[in-house]
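Architecture and fold: a report
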Amino acid sequence: MTTDTDTLLAEDPITGEEIELPTDVEVGEIIDSPVTGTELEVISLDPVVLEEAPELEEDWGE
């Protein structure tokens, strides 16, 4: 198995499958799961932890 230095590996929290992320990903960044298409948020980089991104609610001027 070769290691690609341009990607990080993380577990998709929905499917449990391993997915690749770019090494320049940042905490708080939203990415699309290549497996399910679900938006995932980067919670931590060491170790890399992903969670399902919260739904954005309309502000309605509040």
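Structure shown above.
First, a word on what this report is: a plain description of the structure on this page. (Residues numbered from 1 in each chain as written. Predicted model: local features only at pLDDT ≥ 70, side-chain atom pairs only at ≥ 80, totals over all residues. Heavy atoms only, no water.)

As defined by bridge partners, strand β4 (residues 39-45) adjoins strand β5 (residues 48-52) across five bridges and the pair is classed as antiparallel. Across the sheet, the residue bridging to Ser44 is Val49, located in β5. Linking β4 back to β5 in an antiparallel pair, the connection comprises two residues. (Pairing = 2+ DSSP bridges. Helix = DSSP H or I, 4+ residues; strand = E, 2+ residues; numbered from the N terminus.)

Attention now moves to unusual backbone geometry. A cis amide bond, omega 5°, links Asp46 with the succeeding residue Pro47. Tracing the chain through its elements places Pro47 in the loop between β4 and β5.

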